[in-house]
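# A look at the structure
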Amino acid sequence: MSDLPRKAVTRTAKLAALPLGIAGRATWGLGKRIVGESAEIVGRELQQRTAEQLFKVLGELKGGAMKFGQALSVFESALPEEVAGPYRAALTKLQEAAPPMPTRTVHAVLAERLGEDWAELFLKFDDKPAAAASIGQVHRAVWHDGREVAVKVQYPGAGEALLSDLNQLSRFARLLGPLIPGMDIKPLITELRDRVSEELDYELEAQAQQAHAEEFEGDPDVLVPAVVHQCDQILVTEWIDGVPLSEVIVGGTPEQRNRAGQLLSRFLFSGPARTGLLHADPHPGNFRLVPGGPDGEDDWRLGVLDFGTVDRLSGGLPEPIGASLRMTLDGEADAVYELLREEGFIKESIDLEPDAVLDYLLPIIEPALVDEFTFTRDWMRSQAARIADPRSPAYQLGRQLNLPPAYLLIHRVTLSTIGVLCQLGATVRLREELEGWLPGFVLDEGLEVEESVAEA
């Protein structure tokens, strides 16, 4: 594996081959239709072949290509089983690893950033990477004070590769859209591209990780490794052992799945309330089940890694999210409609029926209606199909809604987390987490009295 960016022309050629491959398969599909195979069967085969090529190329390239693939992979649960099944293993691999960069390159980066005597900072350094991701890879080591650490080394040229890949992918986003029903690919690529500078800045990442590590220190449910050392292109943090969430998805016990799902939900909603930051990269490669939860070594905590992408929310998640969710559950169609208009989800030029908006939202928030909800791939597929089918009223209404920029990342993180919960097949007490951590979801007692007086 050569350094990043591999020759720009080579990377571009690989990515440019994707739409050509899609076009070629479409021609192949037309031929099969002409000789009598049904459109449904041909469409399924086309989708499967396209997905296999897409994730193979994205995994090889790292950079923005792999970042895009990881973001897509959490929506695997929305795909029909006959399509998702054959390449689920490839998605899991994308979430957890990529081909490593050469040892000589790793040593060169360490020498440049830590000094020629960098090896003296470590009692032990494993040249074989423990994990490799989109812009850097992680090596296990022992710091000079005896602590086991994870050393993240950024790929040389990672910034160029990220931008080049995402620019190239955006050019044929429309062709990739059918892979994930109900998802608009182009805004996802735009948002990933807009956050490139943050992703590359290990100082910002270190600040976000340390803020979480300090807030969650001693927490019975969540473990965040502390930052040990940081400099340009190098981030050293405490090492944590555990079962990668990607492995729990493939072969975890029901107890592990449910515990992981509960903790993932808790972290999603409690993190912003406790730190003012939203961990915005919730693919399974960034989480571990770590032994030693509240009930001892046989219980689990959630280990959280990689704070390269965060949303800064000084007051926690925006209160209108909780308020609109509560009012939707209470069937307050007019109040929900007005709040969505105030926040920009419904533009002034658009007129919709409040009851129709309520009907659109209720199936999506079904997990919050009950004390306990089991997230499944079937449920995710049903939601994706409802929103993606042009014949569906939900599709027609959804096209008239707007997603304000301030909510874009929150929306993606929430959807991604739900995708992971469906991959886990976890039974989760989601309402409990909403009541505990989501501003606006529980009506303030004073406000409740005021509303009662007003109604009287």
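Residues numbered from 1 in each chain as written. Predicted model: local features only at pLDDT ≥ 70, side-chain atom pairs only at ≥ 80, totals over all residues. Heavy atoms only, no water.

## A word on the pairing of strand β11 (residues 296–304)
Applied cut-off: Pairing between two strands is assigned when DSSP locates at least 2 bridges connecting them. Secondary structure counts use DSSP, requiring at least four H or I residues in a row for a helix and at least two E residues in a row for a strand, with both numbered from the N terminus.
Bridge analysis of strand β5 (residues 222–223) against β11 gives two bridges, and the strand direction is parallel. From the neighbouring strand, Val222 faces β11, where its bridge partner is Leu302. As judged from the six bridges shared by strand β10 (residues 287–293) and β11, these two strands associate in the antiparallel manner. Within β11, the position partnered with Arg288 by the bridge is Gly303. Between β10 and the antiparallel strand that follows it, β11, lie two residues.

## As for the confidence of the model for the protein chain
Heads up, the condition is: Confidence scores labelled pLDDT are given residue by residue by the predictor and lie between 0 and 100. The contact rule is simple, with two residues in contact once any of their heavy atoms fall within 4.5 Å.
Per-residue confidence for the protein chain averages 80 on the pLDDT scale, and 69% of its residues sit at or above 70. For the stretch residues 18–44, pLDDT sits under 50, and the model shows 31 contacts to residues farther than four places along the chain or on other chains.

## Focus: the nonpolar core
The test is simple: By convention a nonpolar core is built from buried Ala, Val, Leu, Ile, Met, Phe, Trp, Tyr and Cys residues, the set being connected through side-chain atoms within 4.5 Å. When accessible area is computed with a 1.4 Å probe and restricted to protein chains, residues below 20% of their type maximum are described as buried, those above 50% as exposed, and intermediate ones as partly exposed.
Phe267, Val304, Phe375 and Leu434 are the most contacted members of the largest nonpolar core, which has 49 residues in total. By residue number, the principal contributor to this core is helix α18 (residues 405–424), which donates eight residues. Phe267 has contacts with His212, Phe216, Val222, Pro272, His279, Phe287, Leu302, Val304 and Phe307, leaving out every residue within four places of it along the chain. Within the second largest apolar cluster, 25 residues are counted, among which are Val106, Trp118, Val153 and Val228.

## Quick look at helix α14 (residues 333–342)
By the burial criterion, the buried members of α14 are Ala333, Val336, Tyr337, Leu339, Leu340 and Arg341. On the buried face of α14, the contacting elements are α13 (319–329) and α15 (354–361). Phi turns positive one or two residues past the end of α14, at Gly344, with a value near 95 degrees.

## What to know about the pattern of salt bridges
Rule in force here: Salt-bridge detection follows one rule: a side-chain nitrogen of Lys or Arg within 4 Å of a carboxyl oxygen of Asp or Glu.
Overall, the coordinates contain 22 salt bridges when judged by the stated rule. Between Arg266 and Glu433 there is a salt bridge whose closest N-O contact spans 2.8 Å. Here the residue Arg266 occupies a position in helix α12 (residues 254–275), and Glu433 occupies one in helix α19 (residues 430–437), the gap between them amounting to 167 residues. Arg341 is the salt-bridge partner of Glu348, the closest N and O atoms lying 4.0 Å from each other. According to the relative accessible area criterion, Glu348 is exposed, its value standing at 64%. Of the residues examined, Arg341 reaches a relative accessible area of 14% and is grouped as buried. The structure contains a network of salt bridges with shared partners spanning Asp221, Arg259, Arg266, Asp299, Arg429, Glu432 and Glu433.

## Brief notes about the pairing of strand β7 (residues 234–238)
Most of β7 is tucked away, with four of its five residues classed as buried. Taken together, the four bridges between strand β6 (residues 227–231) and β7 define a ladder with antiparallel strand orientation. Bridge pairing in β7 places Val227 opposite Thr237. Where β6 hands over to β7, the hairpin turn is made up of two residues, of which Gln233 adopts a positive phi near 75 degrees.

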